[in-house]
Amino acid sequence: MSIFIFEDNIIQAQNIKRIVEEICSKYYLPFNFIDVTSKSTDIINKIPMTTYIPIYFLDIEIKGELRKGLNVAQEIRKYDKEGIIVFVTSHYEFAPISYQYMVSAFTFIDKSLSYNERYQLIEQCLLHYQARNTTHILTDDFIVENSNTTVRVPFNKVEYIKTDEPHRLVLVTSDRLIHFYGALKEIEILDKRLFRCHQSFVVNKTQILAFDAKEAMIVLKSGKKLPVSRRFRQKVRQILRGKL
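All of these numbers come straight from a predicted model, not from anything done at the bench.

Running from amino to carboxyl end, helix α1 (residues 10-26) crosses helix α4 (residues 115-132) at an angle of 55°, the nearest separation of the two axes being 10 Å. With respect to α4, the element α1 is oriented oblique. For the pair α1 and α4, the sense of crossing is right-handed. Residues N15, I16, I19, V20, E22, I23 and K26 of α1 form the contact with α4, whose participating residues are Y115, R118, Y119, I122, E123 and L126. A class-by-class count of the residues in the contact of α1 with α4 yields 8 nonpolar, 1 polar and 4 charged.

Below is the structure:
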């Protein structure tokens, strides 16, 4: 997912970001970034770098400019005809006239609503967004793309990724090994289902079957075992209890 939050109030911006992150975690919705900004140029400049159809959560009033969000939505439409635009605002009175800006907004979310109401509306937006990106989600691939490498395999076959030679990694799947250039710190942030269990290993959470505390090893569904660093042992237990 490519997610933009256009908001000049830091507290409100972080609140929206936290809700989005919780919902993405709840439904296993992968995202490549959540960009929070009060500068429209940050959004416009980043649109060409988006991997999926973006979703935009835009406040209408920014730094005293009453219709700034509406104007930014118009600017977005010059570069992105398909992205989902959601206005999150205290100026709900602009909803009836938003059609004049011809930005095809998906919905308006009133900031004065309760937390639970706002959460539910944002949840609906993200699930709709998931449906719009359905071709990507249905394939559900593990993808690594950089200047040296292009790797794409079904995510449900990924067991773990480990360090190999300097600047090289090994992707271990249920039926093969794939060597490629990269760094684990870049891999672990690609998907919420990936977990750094050791300095040299990133594991697919969905492949974890058990934790051998005596040996400090993760046991995978395939029977393979991976070491767990002391500082990650509690998180492994939380994963197995379904809390992470």
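Another point: the domain arrangement of the chain. For the chain, the assigned domains read domain 1 (2-135) and domain 2 (141-241). If you average the C-alpha positions of domain 1 and of domain 2, the two centres end up 32 Å apart.

Turning to the pattern of salt bridges, a few remarks are in order. In this structure the tally under the stated criterion is 12 salt bridges. One salt bridge connects D141 with R152, and the closest N-O pair in it is separated by 2.5 Å. Of this pair, D141 sits in strand β6 (residues 141-145) while R152 sits in strand β7 (residues 150-154), and the two are 11 residues apart along the sequence. The salt bridge partner of D191 is R193, with a shortest N-O separation of 2.9 Å. The residues D191 and R193 share a single accessibility class, namely buried. One network of salt bridges, with partners in common, ties together E7, D59 and K111.

What counts, and at which threshold
Residues numbered from 1 in each chain as written. Predicted model: local features only at pLDDT ≥ 70, side-chain atom pairs only at ≥ 80, totals over all residues. Heavy atoms only, no water. Axes fitted to C-alpha atoms, helices over the stretch in contact; angles between N-to-C directions. Helix = DSSP H or I, 4+ residues; strand = E, 2+ residues; numbered from the N terminus. Parallel < 35°, antiparallel > 145°, perpendicular 65-115°, else oblique. Left-handed = near helix turned anticlockwise from the far one by under 90°. Contact = heavy atoms within 4.5 Å. Nonpolar A, V, L, I, M, F, W, Y, C, P; charged D, E, K, R; others polar. Domains from an automatic or database assignment. Salt bridge = Lys/Arg side-chain N within 4 Å of Asp/Glu carboxyl O. Buried < 20%, exposed > 50% of the residue type's maximum accessible area, 1.4 Å probe, protein only.

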